[in-house]
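Inside the fold
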There are 2 protein chains.
Amino acid sequence: MNHTIEEKAYSAKRASVHLANVSTDIKNKALAVMAQELQKNKELILEANRKDLEEAEKMKKEGKMSSSLYDRLKLSDAKFNDMVSGVVDVAKLEDPVGKTLSTVVLDEGLTLYQISCPIGVIGVIFEARPDVVPQVMSLCLKSGNATIFKGGSEAKNSNRALFETLVGAISKVPEIPKEAFHLAESREDVAKMLEMDNYIDLLIPRGSNDFVKYIQDNTRIPVLGHSSGICHAYVDESADIELAKKVCLDSKIQYPAACNAIETLLVNEKIAGEFLPQMAKLYADNNVELRLDGESEAVLKKSKFDMSSACIQKATEKDWDSEYNDLILSVKIVKSVDEAIEHINKHGSHHTDVILSQNQKNIDQFAGLVDSGNVMINASSRFSDGFRYGKGAEVGISTNKIHSRGPVGMEGLMIYKYILSGSGQVVANYTGVGAKKYVHKRTDEKYCRLQ
Amino acid sequence: MNHTIEEKAYSAKRASVHLANVSTDIKNKALAVMAQELQKNKELILEANRKDLEEAEKMKKEGKMSSSLYDRLKLSDAKFNDMVSGVVDVAKLEDPVGKTLSTVVLDEGLTLYQISCPIGVIGVIFEARPDVVPQVMSLCLKSGNATIFKGGSEAKNSNRALFETLVGAISKVPEIPKEAFHLAESREDVAKMLEMDNYIDLLIPRGSNDFVKYIQDNTRIPVLGHSSGICHAYVDESADIELAKKVCLDSKIQYPAACNAIETLLVNEKIAGEFLPQMAKLYADNNVELRLDGESEAVLKKSKFDMSSACIQKATEKDWDSEYNDLILSVKIVKSVDEAIEHINKHGSHHTDVILSQNQKNIDQFAGLVDSGNVMINASSRFSDGFRYGKGAEVGISTNKIHSRGPVGMEGLMIYKYILSGSGQVVANYTGVGAKKYVHKRTDEKYCRLQ
């Protein structure tokens, strides 16, 4: 285990091509053993976790660790069971490797297959939560990707106990190259990982916005993730008011710390007088602080809404670019769906935005022009999530514009290769005078390999 | 036209969301007008090209420009016609925008659609070849992507004449936002473009390896391209010798300057005595210089091959990492398909590699473990090309491991968004005690918008 991070990365890269070719049965067998060994080593793992928690408690007392970080560090009994059943569930997911994505006959006896394959080596850099290790390792194993983990020092003992248990399990299945999985432990290793674009094909950071942003800003390796979630709900003049109230409330309060909770409410001026006082009352009843622009303040003051019943502030320009992650909401009146779209594309983080409307033209306009990974029509922003989308498992939520966008499941860990199968064909025969013509006929034929 | 590059990029970003929503008919209409206007302005464009050529001739005489660069700069009559028909052909390609990629019913009245959409703003940075402008502009227009072009100063007049003709054409179709297309002209603009990851979503560099490498090394924007093509052919012990000779010859000599020509021939030791002398004779007859490792030299010396008939050098370690782009080939004897795979994954550029074999097990091993975008089985490496693969048009060849790989057509300019269509659903009802269950049923239903 005393290899340098460079040695680990090189060994992961070499192992990755072999892991890419392991059969579904073997991978599922390894997942079953992983689940068993986790269960078997439960006490050992929880003991390691208790060690981390002791340290963490000291830090908490000294004000060096937040309660939420502490909570995420803690492996409760329920969390442990979820962790194990998570590994079991991955075995049930369809194997994404080796699928024939398209087949084109170029000419007689010359067929081009596009075959799904793993990306290669994934670097997972995460804070606090040790349950990331089994979750990501099982997804990477099933998708045939080698993985280098780097967890936070605050979870050092937990991460090591989990990692060693899982690699020990994999060792019992000799067809799986165990060099495909590595744990990096020192802080210096992170900086080195960010530079290893020759070995690491994709980075997945898990942690605070600042943490993800730091990773994105300091590497040339593609990063799957998002550093902020500034989500909006727009209430159109045609909105069903009761429906809009339900959705706007849920989008804010169901779990305000989540990236897919809304931070700004945009209300069409034609419906504001009727909608906003009712909505403000609902928010006030649920302890949501409101940051109002001049017009929405005027609307509320003119209404029967009791301004003293709520915590109310004036919104400043900064509010439109703020992710509160808390029971705070900025509110702005807009003249039209176009102004709402313009505001969202300018201030949003291209994550998730909601329209409340009964007018199909405005809905189409909004869904077409809002440049976000997720557009919700008359439904809560909180649905924007891998589990709720039915992906089985979530690798992350991406606000990138390439590869994968929105909630990302195992498909985000896949790429493809082209395999051209011929019988001696040369390009010279397809060029110049008397050139043979390409057929370019799509078929449903699958690529077959022995086995 | 005197906007700064920042203004151009911001205006492209704003226009991109509108371009993303233009209908297929309108886009095809614009493409037709673009082709007409090119034809109409032919003399003007060729005149501008002649101006560039005059300058270029001086540079050529002073040794500051290569003949090949000069040739790429020159718009011949044939090249001009190809350029125009290229634009017409793009109109015939299927519109990749707005396709329903998947549909999942989350619950009654709550349906999730995954819809293809353009990436946004593409930055195209290219050397010399002015025909890139209409080619890329038509592909970007059809795929709904805004584009910023930056051509080389040596083609300044040609690029401007082409660009102004095309934007003039687009102006005749008012539904197309003409602010979606911009031309950058100064060298400083390139450096600025590389930093604009807030506006530019994808960079496509076209030019020499060094040029592409420079772009890749100096931006955090994703780059679609490849900076080198070190391709291999491996001749297995089971190869059909006549077939292997044909394919290995074509892979080297059909167009040696191409990125998909082979640079290294790997020969299994069990077939080398029979195959290599015949192959060496063929290469010698076609003026290919051979750089031999010790074992292949020994094999040839022991055979009837006339060593003086060919240009022969000893290979050094450096040769295995060299892209000659010329009639030069390095040759190495390997003990097994595994040694060949190991060599290719270590020294290759993950572009295109060939196996000549009649043994299905070895073919599967090679196709599975070679970590390249294209694996050719008993067919020439030169087939690795967008046109030959039937893509209609090639945006570039990618050796990336994410988004798109191998020859990339318009699909490489696409991403998707999720649209969740509901009727007031909130997440609160799907959590906790008495939670509603998700259905997660896949259907073939397409997303519909008014129009």
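I will try to describe carefully the structure that is included in this document.

Cut-offs applied
Residues numbered from 1 in each chain as written. Chains lettered and ligands numbered in written order. Predicted model: local features only at pLDDT ≥ 70, side-chain atom pairs only at ≥ 80, totals over all residues. Heavy atoms only, no water. Least-squares fit on C-alpha atoms with pLDDT ≥ 70 in both. Contact = heavy atoms within 4.5 Å. Pairing = 2+ DSSP bridges. Helix = DSSP H or I, 4+ residues; strand = E, 2+ residues; numbered from the N terminus. Axes fitted to C-alpha atoms, helices over the stretch in contact; angles between N-to-C directions. Phe/Tyr/Trp six-rings, centres within 6.5 Å; stacked < 30°, edge-to-face > 60°. Buried < 20%, exposed > 50% of the residue type's maximum accessible area, 1.4 Å probe, protein only. Lys NZ or Arg CZ within 6 Å of the ring centre and 35° of its normal. Core = buried A, V, L, I, M, F, W, Y, C linked by side-chain atoms within 4.5 Å.

1. Examining the relation of the copies chain A and chain B
Relative to chain B, chain A is turned by 180° and slid 0.0 Å along the rotation axis, the superposed coordinates differing by an RMSD of 0.0 Å. A rotation of that kind, with that shift, is consistent with a two-fold axis. Considering only C-alpha atoms, the residue of chain A closest to the rotation axis is A:His403, which sits at 2.0 Å. In this assembly the copies share their binding face: 100% of the residues contributing to the interface of chain A also contribute to that of chain B.

2. Quick notes on the sheet that holds strand β1 (residues 100–107) of chain B
The strand order β10(A)-β9(A)-β11(A)-β8(A)-β7(A)-β12(A)-β13(A)-β16(B)-β2(B)-β1(B)-β17(B) describes an open sheet built from 11 strands, whose pairing is mixed. Either end of the sheet is taken by a strand with one partner, and the two such strands are β10 (312–314) of chain A together with β17 (441–443) of chain B. Averaged over all pairs of adjacent strands, the angle between strand axes in this sheet comes to 25°, irrespective of strand direction. The pairing of strand β7 (residues 231–235) of chain A with strand β8 (residues 262–268) of chain A spans 5 bridges and is classified as parallel. Within β8(A), the position partnered with A:Cys231 by the bridge is A:Ile262. The sheet contacts of helix α10 (residues 241–253) of chain A involve β7, β8, β11 (328–334), β12 (352–356) and β13 (374–379) of chain A together with β16 (414–425) of chain B, and relative to β12(A) the element is tilted by about 165°.

3. Thoughts on the packing of aromatic side chains
Overall, the coordinates contain 20 aromatic pairs over all chains when judged by the stated rule. Both rings, one in A:Tyr234 and one in A:Phe366, keep their centres 6.2 Å apart while their planes meet at 15°; by these two values the pair is stacked. Placement of A:Tyr234 in strand β7 and of A:Phe366 in helix α14 (residues 360–369) is noted, with a sequence separation of 132 residues between them. For the pair A:Tyr234 and A:Phe366, a shared accessibility class is recorded, and that class is buried. Feature note: the residues A:Phe383, A:Phe387, B:Tyr430 and B:Tyr438 constitute an aromatic cluster, connected by ring pairs. Over the ring of A:Trp320 we find A:Lys332; its NZ or CZ atom is 5.3 Å from the centre of that ring. One residue, B:Lys60, lies across the ring of B:Tyr70, its end atom 4.3 Å from the ring centre.

4. Details of the nonpolar core
If you look at the biggest cluster of nonpolar residues, it comprises 239 residues, and the most contacted ones within it are A:Leu265 and B:Leu265. Not counting residues up to four positions away in its chain, the partners in contact with A:Leu265 are A:Ala233, A:Val235, A:Cys248, A:Phe275, A:Leu276, A:Met279, A:Tyr283, A:Leu329, A:Ser330, A:Val331 and A:Lys332.

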